[in-house]
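Take a look at the letters that make up each chain.
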Amino acid sequence: MTRITPGQEKKDRTGSVLVVGSGIGGMQASLDLADSGLLVHLINDEPSIGGTMSRLDKTFPTGDCAMCMISPRMVESSRHANIKLHTMAKVSKVEGEEGNFTATIEQKARYVDADKCTGCGACEEKCPSRVLDVFNQGLSNRRAIYALFPQAVPNTRAIDSKYCLYLNKGVCRKCEKVCDADAINFEDKDEQIELKVGSIILTPGLKTYSPEIRQEFGYGRIKNVVTSLQFERLLSASGPCGGTVERPFDGRHPKKIAWIQCVGSRNSHNSNPWCSSVCCMYAAKQSIIAKEHDPDVDATVFYMEIRAFGKDFDKYIDKAKNDSGVVYKRAMVSEIVEDTETGDLVIHYVGDDGKLVNDTYDLAVLSIGFEPREDSSEFSEIFGIETDEYGFAQTSKLRPIETSRKGIYVAGTYQGPKDIPETVIQGSGSAAVAMSLLGESRGTQVEEVVLPPEKDISEEEPKIGVFVCHCGVNIAGAVDVQKVADIASKESGVTHSETIIYACAPDGQQKIRELIQEKGLNRVVVASCTPRTHSPLFQDTIREVGLNRFLFELADIREQCSWCHSDNHDKATEKAIDIVNMNIAKTRLLDPVSSNSVGVTHSVLILGGGVAGMTAALSIAEQGYGVYLVEKDKELGGLLRRVRRNIEGDDIQSFLTDTIDKVTSNPAISLHLGTTVSDTDGFVGNFETKLDNGQVVKHGAVLIATGGIEYVPHQYQYENSEKIVTQRDFEDIISDKTPSPDDTIVMIQCVGSREEPENYCSRICCQDALKNAIAVKERSPDTQVVILYRDMRAYGLKEMFYKQARDLGVLFFQFEPDNKPEVTSGENGIKVKIDDKILGKEIVIDADYVVLSTGLRPHPDTEKVAKAYKLTCNLDGFFLEAHVKLRPVDFPSEGYFLAGLAHAPKNIDETISQSLAAAGRVGALLSHEKLTVSGIISKHNRDICMSCLACFRACPFGSPYIDEEGRISHNEIKCTGCGICAGVCPAKAFQVNYFRDDQITAMIDAATEID
Ligand SMILES: Cc1cc2nc3c(=O)[nH]c(=O)nc-3n(C[C@H](O)[C@H](O)[C@H](O)COP(=O)(O)OP(=O)(O)OC[C@H]3O[C@@H](n4cnc5c(N)ncnc54)[C@H](O)[C@@H]3O)c2cc1C
């Protein structure tokens, strides 16, 4: 198998990448590239990285705090040795070609020396110049010297030269006087720098629609009409009201809130013609959270169609309706009128019975859509790339990451409206294509990180530092953090205890580092949020000053305390004290833990040879790694073999033939058709798989791309007439024969989707119907085409096809699941009966064809594969990723990745993006010569082991084994630290590092101790 050795600069390509825009898309691309050994220049025009996500409160459909998710990524991006941050910077010129670009960067003066600034904020307090805070969407003021938001990265203030009194009028300099760090530098000048890079990734995001244009909603004129982005800030703990939602008119808590959907979307007359893809879901999220803040709130969402097309999205809408009691009204709001005395709003809309209704609300939230940034045409000129007619970066559906200029790739909302996981996917996907381009130059531009040697603390008494985080008001709003810190300071072994505003922010971490050195601390407890996202961050922090990573404990006083007990401050404080004291008790007994490192086999096994598996295989091979592509069928192609064209008109069969040719002719891809896996063993970097043809292959990663199948309907008389067909059959029929002008074709949506037990949207069916309906109408305009639907989920730019279908005369009738169309077929032909709400009567259509838009199902082998690889699936039977938002192509177990329909229903372009993303993640893993495995594993004490085999039988990973002496030994590399062996061992011969019995017992004792 061919493999290219990284580290040798070949073809003179520069081993670095310029990433423009540092929202979640840009950060994801940067981190993957940096992990793979390429140098990244990450530039952003704002003073902090973070983008739109830093402005959000929580995210759908998990309800996770956006800042908690993005903050560790921001810190990681700023600390990664292979990432160079350039904030307040823009690209002005790009010359050269793929492999060798020269980019000119305009670096704005910050007037604050980043190396000296400690982020203390004393300057900000003294600054007399007040400016509307754009980050808070104009709902509050900030100073001329400012941090974009409390967790900003880099945590260095910047002076806004437009509003600084000294820079404009030559008076003031108050900031300079109070800055102990001497960081203010009024001599700072704008600079121009040149960067040599091999590739460029564009992730500038986009802007939200300005709703002033929609005068009927009164935005800008009526105070209590806010945008959805403003509402995110109102909900946010770090927002203008500290997380207690207040009406702009009078500061009163709104009790009746209305969300108005599609403001700035789906309307080519007075806004944008496309669907913004995320507004339906964020409105559900905001209404749920508003009710969590105050259960007495009446929340109503006024909508046209609910476009909950993503994984588990329909369940989230059901949760809003059924659990939170959010009212959904399918109605168009025509006007909002303000009662000028009370600030209340009268909302006019047409009710179910067709009559005008006037309802009074306290607050209205306009669900504003996305549009390209104002500077998008200038931007496309600078980078020399084409945009579509609306200003989004032009890509093709079959090459969704590539712009019109070679070597320049795109990710995120600049390519079209999308949510966080799709942005993350494209971030990793664009990294993968850049890795393919520059694979041979990996490692040529980066410097190795050198950490100080670990301090030997074996002879020292515990000297514990305790840091109790306010997390803005997230914790401090419910817990008396000072009291927690004071009580902790009296615990034995505690040398230092204090509170800290944001422990995870750079200044918080800097403080921890300084105190470790200053006070000789040898163990640290941070009391803040979930260890799941934040432990690695703090572990790195203490390691940087010479402490072993495992001399650290994270006491979760947010998720497990302040958030769930926000209504009882005394009890919450008492519980926080207990939690912190338990962690201190464990920390006294912490010992350094060493981690093993293992070599990496530089190849991947991909299961599934559909478009996902093939796309990933080609990308990984291009990056320079070997691929074993295993396909159960005798042919490659999977479901795509039956698709002729996509809705955009691309010839799918020729794309497929071309892809198959590339796969079969690539020497780095070893193809195994008609083959499955019969046995598998190993761990990240070192797997061994036995195929059912007897061959054994070794590989460093596993990529699951096993796809799904089409649902075979039994509804609507499908079995009883050959004129009742699926969309796939109908595509074949119309490609052979043009329908007669006299024909009537009735399409029925959501067949086998969005209902228990398959209560999910299959995502492809609406556009499948639109595609076939348009094809019929274009070739035979007089043929009658009727689509019976629940919600037409023509999300994003697919909305244009919905419009095109309507313009071509396709008729749309909406139905509810409890009143579905009825189909009869007999001697009198096929009849379809439907109750039409608008006409208010029953309609019977004589149909020549009934076309059923059938959904997708997980592959029947999914359960078997999941069992073999110990992976989990969601309730609908699709594989479950490690994190819905931030790790959409990883499995929780290291070394396993996921792409395509195996993850959830999706389109071809989305599958291609996701496959590239998985290829990027695999590439980043395989680029390492050695991997450090987790230190949290079971340790086996052979001296007290009785070899009773209890562990051998119980371990799901096969790490205890019977050695040559017939006794139990332990393969630590295979161990995942799950602790089952420790639980079942009667002799206590197994103890899990960092979770030893004595450490856990100490925690229990601390919790049960009576004062
Ligand atoms: C109100 C609202 C609620 C939302 N809620 C959710 C939710 O709950 N769940 C979800 O999944 N999604 C949600 N989204 C969508 C989500 O925010 C986006 O999908 C995601 O943040 C897009 O990331 P990005 O990296 O593409 O762009 P951005 O986050 O916009 O980042 C782009 C960055 O690039 C910078 N930039 C732009 N031009 C330049 C330039 N020329 N040079 C240098 N830098 C530049 C920008 O300043 C910005 O910092 C919501 C969006 C909105 C508006």
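Note that the structure is predicted; figures quoted are calculated from it, not measured.

### Some words on the overall build of the chain
Helices and strands together make up the secondary structure of the chain, namely 26 helices and 50 strands. Against the 2.2 N^0.38 benchmark of 30 Å for 1011 residues, the chain shows a C-alpha radius of gyration of 30 Å, consistent with a compact globule. Considering only C-alpha atoms, the chain reaches an extent of 95 × 85 × 65 Å along its principal axes. Out of the 1011 residues belonging to the chain, those deemed buried represent 59%. Of the contacts made within the chain by residues no fewer than 6 positions apart, 71% connect residues no fewer than 24 positions apart. Accessible surface, the chain as shown: approximately 40,600 Å² in total, 48% of it carbon and sulfur. Here the chain contributes 112 positively and 145 negatively charged side chains, and the mean placements of these two sets differ by 1 Å.

### Regarding the side chain of Asp768
Checked against the element boundaries, Asp768 lands in helix H20 (residues 765-779). For Asp768, a relative accessible area of 8% gives the class buried. There is a polar contact of 2.8 Å between the side chain of Asp768 and the side chain of Arg728. If near-sequence neighbours (up to four positions away) are discounted, Asp768 is found in contact with Gln727 and Arg728.

### Comments concerning the site of the ligand
By nearness alone, 39 residues border the ligand, and Asp45, Thr52, Lys418, Ile420 and Lys885 come closest of all. Here an oxygen atom of the ligand and a backbone polar atom of Phe60 are 3.1 Å apart. Interatomic distance of 2.9 Å between a side-chain N/O atom of Thr413 and an oxygen atom of the ligand. Notes on the ligand: free accessible area 1,000 Å², of which the protein chains cover 97%. At the level of elements, helix H1 (24-35), strand E4 (89-97), helix H6 (228-235), helix H7 (279-293) and helix H10 (420-438) are the ones that each hand at least two residues to the shell around the ligand. A per-class count over the shell around the ligand returns 14 nonpolar, 15 polar and 10 charged.

### With respect to the environment of Gly477
Among the structural elements, Gly477 can be located in the loop between helix H11 (473-476) and helix H12 (481-489). In this structure, the C-alpha to C-alpha distance between Gly477 and Gly243, residues 234 residues apart in sequence, is 9.8 Å.

### A word on the state of the cysteines
All told, the structure shown has 0 disulfides when counted by the stated rule. Note on Cys985: no disulfide assigned, nearest cysteine sulfur contributed by Cys948 at a separation of 6.0 Å. Its relative accessible area of 11% is what places Cys985 among the buried residues.

### Structural notes on the sheet that holds strand E23 (residues 464-469)
The strands that make up a sheet pair up through hydrogen bonds in the backbone, lying either parallel or antiparallel. Taken together, the 4 strands give an open sheet; going across it, the order is E24-E23-E25-E26, and neighbouring strands pair in parallel fashion. Two strands in the sheet have a free side with no partner beyond their single neighbour: strand E24 (494-500) and strand E26 (552-556). Between one strand axis and the next, the sheet turns through 15 degrees on average, direction left out of account. Relative to strand E25 (residues 523-528), E23 runs parallel, the two sharing 5 bridges. Among the inter-strand pairings, Phe467 is bridged to a residue of E25, identified as Val526. Against the sheet, H12 touches E23 and E24, its axis set at about 175 degrees to E24.

Calculation notes
- Residues numbered from 1 in each chain as written.
- Predicted model: local features only at pLDDT ≥ 70, side-chain atom pairs only at ≥ 80, totals over all residues.
- Heavy atoms only, no water.
- Helix = DSSP H or I, 4+ residues; strand = E, 2+ residues; numbered from the N terminus.
- Rg over C-alpha atoms; globule rule 2.2 N^0.38 Å.
- Buried < 20%, exposed > 50% of the residue type's maximum accessible area, 1.4 Å probe, protein only.
- Contact = heavy atoms within 4.5 Å.
- Areas by Shrake-Rupley, 256 points an atom, 1.4 Å probe, with all protein chains shown as cover.
- Lys, Arg positive; Asp, Glu negative; His and termini not counted.
- Charge placed at Lys NZ, Arg CZ, Asp CG, Glu CD.
- Polar contact = N/O pair within 3.5 Å; in protein donor to acceptor, adjacent residues only side chain to side chain.
- Near = heavy atom within 4 Å.
- Nonpolar A, V, L, I, M, F, W, Y, C, P; charged D, E, K, R; others polar.
- Disulfide = S-S within 2.5 Å.
- Pairing = 2+ DSSP bridges.
- Axes fitted to C-alpha atoms, helices over the stretch in contact; angles between N-to-C directions.

That is the geometry; function is a separate question.
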